[in-house]
Every structure is written in C-alpha cells, then in structure tokens.
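Architecture at a glance
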Amino acid sequence: VHELSIAQSLVEACEDAATRAGAVAVRSVTLRIGELSGVVPDALQFAFEVARADTLLDQAVLHVAEVPISVHCVPCDVVTTVGRFDGFLCGQCEQPCPEILSGRELEIVRIEIEEPEVAGAARR
Ligand SMILES: [Zn+2]
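Residues numbered from 1 in each chain as written. Predicted model: local features only at pLDDT ≥ 70, side-chain atom pairs only at ≥ 80, totals over all residues. Heavy atoms only, no water.

Here we look at unusual backbone geometry
Peptide bonds are, in most cases, trans, and in most cases residues other than glycine have a negative phi. Our working definition: What counts as a helix is a DSSP run of H or I of at least four residues, what counts as a strand is a run of E of at least two, and both are numbered from the N terminus. Each residue is assigned to one of three classes by its accessible area relative to the maximum for its type, calculated with a 1.4 Å probe on protein chains only: buried under 20%, partly exposed between the two thresholds, exposed over 50%.
If you check the backbone angles, Asp54 has positive phi at about 60 degrees while not being a glycine. Residue placement: Asp54 occurs in the loop between helix H2 (41–51) and strand S2 (61–67). The class of Asp54 is exposed, set by a relative accessible area of 75%.

Considering the packing of helix H1 (residues 3–20) against H2
Relative placement of two packed helices is described by the angle separating their axes and the distance separating the axes. Quick note on the threshold: Where helices are involved, their axes are fitted lines through C-alpha atoms of the stretch in contact, as for all axes, and angles between N-to-C directions lie from 0 to 180°. For classification purposes, an angle smaller than 35 degrees is called roughly parallel, one larger than 145 roughly antiparallel, one from 65 to 115 roughly perpendicular, and anything else oblique. Definitions for this section: a left-handed crossing has its near helix turned counterclockwise from the far helix by less than a right angle. A right-handed crossing has that turn clockwise. Residues are treated as being in contact if the distance between any of their heavy atoms lies within 4.5 Å.
Where H1 contacts H2, the two axes come as close as 8 Å, and the packing angle between them is 55 degrees. One finds that H1 runs oblique with respect to H2. Taken as a pair, H1 and H2 cross one another with a handedness that is right-handed. On the side of H1, the interface is formed by Glu3, Leu4, Ile6, Ala7, Gln8, Leu10 and Val11, while H2 contributes Ala43, Leu44, Ala47, Phe48, Val50 and Ala51.

Section: the side chain of Ser28
Positionally, Ser28 belongs in strand S1 (residues 25–34). Other than its neighbours up to four places away in sequence, Ser28 contacts Ala60, Val61, His63, Arg110, Ile111 and Glu112.

As structure tokens, this is what we get:
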C-alpha cells in the first residue's frame, strides 16, 4: 500500500518545518484526511510509527481528523454529506452532484514542536 510513502513524506515535511523552527523534537502532528483521499487512517498510523524512527518525530503522536465527503448541488444550492459509495447524490433533488466540496484532504493542520529551553531563554 502507499501509506508508507505518504508517511515518509509526511515525516520529512514535519522534520523540515521543525528544523527551520529550531525545534529539538516534534511532539505531535495533526492531519486532516478526507474519506476520498484513499488513505486508511489505521494504516497511516502504523506507517507513521515506522517512518518516524530516527527522526525528530521519534516520540511524536499522530492525530488524524477524518473529513467526511460533502457535495454541492448547484440547482438546489444545497450541500449534502455523503458516503463514499453513495453516488454523491444531492439530499434534496437526489441527482448526482459534480461538485465535491470536501473529502479529498490530505494535509497537515498542526505540528507541535519542542524548542530547546536554553536557546529559548537566550533569545530574550
Ligand atoms: Zn439538488
């Protein structure tokens, strides 16, 4: 599965951001994963634990916020939350909606870092 390569690039991106911020470690990472992204949260969690070894994320916790799929029906101007296999039908007119508003997300929302205390104090 591709979760491992996703986890690896995720760890790289976070480590990069943490290094630039002068962090000594990453405490936690929060992700938004859409139901349509094709990523299985459990599999990603497992892959993350493999990928984080020997990085600044060694002790980091991965939080996953799952984003449901929602579609927009233009004629009705109605937004409907749908399941992955529901055919993306409008809740009002029950026609398929071509416009997907959410559900494709795969993004880092938040990275919690640990700063070196000495450096933090020296800055003042
Ligand atoms: Zn409609």
